[in-house]
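# Fold and geometry: a report
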Number of protein chains: 2
Amino acid sequence: MKTRDRILQTSLELFNLEGEPNVTTVDIANELDISPGNLYYHFKGKEDIIGDLYDRFHNELSDILSAPISQILKPDDAWFYLYIVFEETYKQRYFYRNLNDILQRYPAIEKRFRRLLAQKVTAAQAVARPLIERGVLALDEGQLGRLSEAVAMQVTFWLTYDLLRNNKAPEQLQIHQGVLQVMSLIAPHLTENYRSFYDDCCKLFDSLTADLI
Amino acid sequence: MKTRDRILQTSLELFNLEGEPNVTTVDIANELDISPGNLYYHFKGKEDIIGDLYDRFHNELSDILSAPISQILKPDDAWFYLYIVFEETYKQRYFYRNLNDILQRYPAIEKRFRRLLAQKVTAAQAVARPLIERGVLALDEGQLGRLSEAVAMQVTFWLTYDLLRNNKAPEQLQIHQGVLQVMSLIAPHLTENYRSFYDDCCKLFDSLTADLI
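Residues numbered from 1 in each chain as written. Chains lettered and ligands numbered in written order. Predicted model: local features only at pLDDT ≥ 70, side-chain atom pairs only at ≥ 80, totals over all residues. Heavy atoms only, no water.

This brings us to unusual backbone geometry. Positive phi values are uncommon outside glycine, yet Asn166 of chain A reaches one of about 65°. Mapped onto the elements, Asn166 of chain A comes out in the loop between helix H9 (141-164) and helix H10 (171-186). The exposure class of Asn166 of chain A is partly exposed, given its relative accessible area of 43%. A positive phi angle, close to 60°, is found at Asp33 of chain B, a residue other than glycine. Positionally, Asp33 of chain B belongs in the loop between helix H2 (25-32) and helix H3 (36-42). (Helix = DSSP H or I, 4+ residues; strand = E, 2+ residues; numbered from the N terminus. Buried < 20%, exposed > 50% of the residue type's maximum accessible area, 1.4 Å probe, protein only.)

Structure, rendered in structure tokens:
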């Protein structure tokens, strides 16, 4: 692996483990056993590293959110699509756990993150619309708007909320819980013939997390 | 008003306006036209002021959350109960907009805030249980738990989310929108005979915000 990529990977690990404000570029260089000068050759300080980490995260999540999602009609397709969204967030948990602070310090990231949040709302609507047309979900425009905002909020603040609620579940279980929470927002809008969709989701949750609880 | 109370009031106004990290005790003393020494006589620095502001907020919101709420059966009772919860949050918006940062810097506040968040979940359950017993809401225990967490999340991250979504609505409208968002989480769990509850809420929202939009 190139030194540049090793620096990014180690920074992400240390940020997630120690919290971004508690990690210096010297800590990162020490962990990699390289000189601070060598690190500085690749990145002009921590701001530069965080900018690069955010760019990669933004592009990955943005790709996932804009992927063709018109085929989500089976519970396990929907489940794993959401799982990937939450997993991306979890990999970048230092960022979400310090959200206000990082956005205040890095205006360029704030601007892009606002667009990503808008994209989450749009993606939720894009998944729901064909389901409304097929009679799977019953939602008028106002309800669809509010549900999409609630889903985007859940996806965005899930980790901070879990931290405050002292949820110390292992990674995979925490992610499945996040997915179930989103499904629970959507479920009551299923029309009568499709209620089993949510029951199947609950069964899926139980089987996927049986080894983790 | 006593100097101590004037200091607290002015600090809260400046924190809400400028953001807490951008306000120093000297700024507060200047705004009040008192000497920094006089301020220091009342509070041993900004940490002390924030601690006191948080205590007052915590006690007020805690009182509201533990108030007798078994009588909430009419839409406007429910609406104004939630309105008061959101209004308390709005008054303390500097705190919510900088949540992770403040909690990391003040461990004593973090501990109390975790308890307040747990109290929000309990309050949501306490409101819902009698409604389930009367057949107004249809929820099993698992669904009740997840709905209560979703409501607590909405109440907690509403302001941060709105800020990121660039919602610049005037205060009252923003609070009513927050209330409608919570009602929209609860509404789909209403049993058939009580669906009009949500329609009445939407009408209430329209009439309450007609002058504000």
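Having put the structure on the table, let's press on.
Let's shift gears to the packing of aromatic side chains. Residues and elements named next belong to chain A. Overall, the coordinates contain 27 aromatic pairs over all chains when judged by the stated rule. When the centroid spacing of 5.4 Å and the interplanar angle of 75° are considered together, the rings of Phe95 and Phe113 count as edge-to-face. Of this pair, Phe95 sits in helix H6 (residues 93-97) while Phe113 sits in helix H8 (residues 107-133), and the two are 18 residues apart along the sequence. Joined through ring pairs, the aromatic side chains of Phe15, Tyr54, Phe57, Tyr94, Phe95, Tyr96 and Phe113 make up one cluster. (Phe/Tyr/Trp six-rings, centres within 6.5 Å; stacked < 30°, edge-to-face > 60°.)

This part takes up the domain arrangement of chain A. Residues and elements named next belong to chain A. Once the domains are mapped, chain A shows domain 1 (1-44) and domain 2 (49-209). The distance between the C-alpha centroids of domain 1 and domain 2 comes to 30 Å. The interface is formed by 13 residues belonging to domain 1 together with 15 residues belonging to domain 2. Buried surface at the junction of domain 1 and domain 2, both sides included, amounts to about 1,100 Å², of which 62% is carbon and sulfur. Applying the counting criterion to the domain 1 and domain 2 interface returns three salt bridges. Applying the counting criterion to the domain 1 and domain 2 interface returns six residue pairs in polar contact (both at pLDDT 80 or more). Take the side of domain 1 that touches domain 2: its biggest share by element is eight residues, from helix H1 (residues 3-18). Class assignment for the residues of the side of domain 1 that touches domain 2 results in eight nonpolar, two polar and three charged. (Domains from an automatic or database assignment. Contact = heavy atoms within 4.5 Å. Buried area = accessible area lost by both parts, 1.4 Å probe. Salt bridge = Lys/Arg side-chain N within 4 Å of Asp/Glu carboxyl O. Polar contact = N/O pair within 3.5 Å; in protein donor to acceptor, adjacent residues only side chain to side chain. Nonpolar A, V, L, I, M, F, W, Y, C, P; charged D, E, K, R; others polar.)

Let us look at the side chain of Gln154 of chain A. With respect to the helices and strands, Gln154 of chain A occurs in helix H9. Accessibility expressed as a relative area gives 5% for Gln154 of chain A, which makes it buried. Once you skip the residues sitting within four places of it in the chain, Gln154 of chain A turns out to touch Phe86, Gly178, Gln181, Val182 and Leu185 of chain A together with Met153 of chain B.

What follows is about the relation of the copies chain B and chain A. Between chain B and chain A, which share one sequence, the superposing operator has a rotation angle of 180° and an axial displacement of 0.0 Å; the RMSD is 0.0 Å. The superposition operator between the copies reduces to a two-fold rotation axis. (Least-squares fit on C-alpha atoms with pLDDT ≥ 70 in both.)

Moving on, we come to the layout of surface pockets. For the largest pocket, the calculated volume is near 880 Å³. Taken together, 36 residues form the lining of the largest pocket, with Pro188 and His189 of chain A together with Pro188, His189 and Arg195 of chain B sitting closest to its centre. Elements represented by at least two residues in the lining of the largest pocket include exactly H9, H10 and helix H11 (196-209) of chain A together with helix H9 (141-164), helix H10 (171-186) and helix H11 (196-209) of chain B. Taken as a whole, the second largest pocket encloses approximately 540 Å³ of empty space. In this structure, the second largest pocket is lined by 31 residues; those nearest its centre are Leu82, Ala124, Val127, Val182 and Ile186 of chain A. (1 Å grid on protein atoms, 1.4 Å probe; cavity = no way out; pocket = protein on both sides within 12 Å on 5 of 7 lines; lining within 4 Å. Points joined across faces, edges and corners; volume = space filled by probe spheres on them.)

We now examine the interface of chain B and chain A. Counting residues at the interface gives 36 residues for chain B, matched by 36 residues for chain A. By the criterion of area lost to chain A, the three top residues of chain B are Met153, Tyr161 and Leu164 of chain B, representing 23% of everything that side buries. For the interface between chain B and chain A, the tally reads two salt bridges. Two residues, Arg165 of chain A and Glu149 of chain B, come together in a salt bridge whose shortest N-O distance is 2.9 Å. Taken together, the connections running from chain B to chain A amount to 20 residue pairs in polar contact (both at pLDDT 80 or more). At the level of elements, helix H7 (99-105), helix H8 (107-133), H9, H10 and H11 of chain B are the ones that each hand at least two residues to the side of chain B that touches chain A. No other element matches the 13 residues that H9 of chain B contributes to the side of chain B that touches chain A.

This brings us to the packing of H10 of chain B against H11 of chain B. Residues and elements named next belong to chain B. Direction vectors running N to C along H10 and H11 enclose 175°, while the axes themselves pass 11 Å from each other. As summarised for this structure, H10 and H11 are arranged roughly antiparallel, according to the angle between their axes. Seen from H10, the contacting residues are Leu173, His176, Gln177, Leu180, Met183 and Ser184; seen from H11, they are Phe197, Tyr198, Cys201, Cys202, Phe205, Leu208 and Thr209. Looking at the contact of H10 with H11 residue by residue, the classes come out as nine nonpolar, four polar and no charged. (Axes fitted to C-alpha atoms, helices over the stretch in contact; angles between N-to-C directions. Parallel < 35°, antiparallel > 145°, perpendicular 65-115°, else oblique.)

A full pass over the atoms with the stated rule returns four cavities of 30 Å³ or more. Size it by volume and the largest cavity reaches roughly 50 Å³. Elements that contribute at least two residues to the lining of the largest cavity include exactly H9 of chain A together with H9 of chain B. The residue makeup of the lining of the largest cavity, split by class, is six nonpolar, two polar and no charged.

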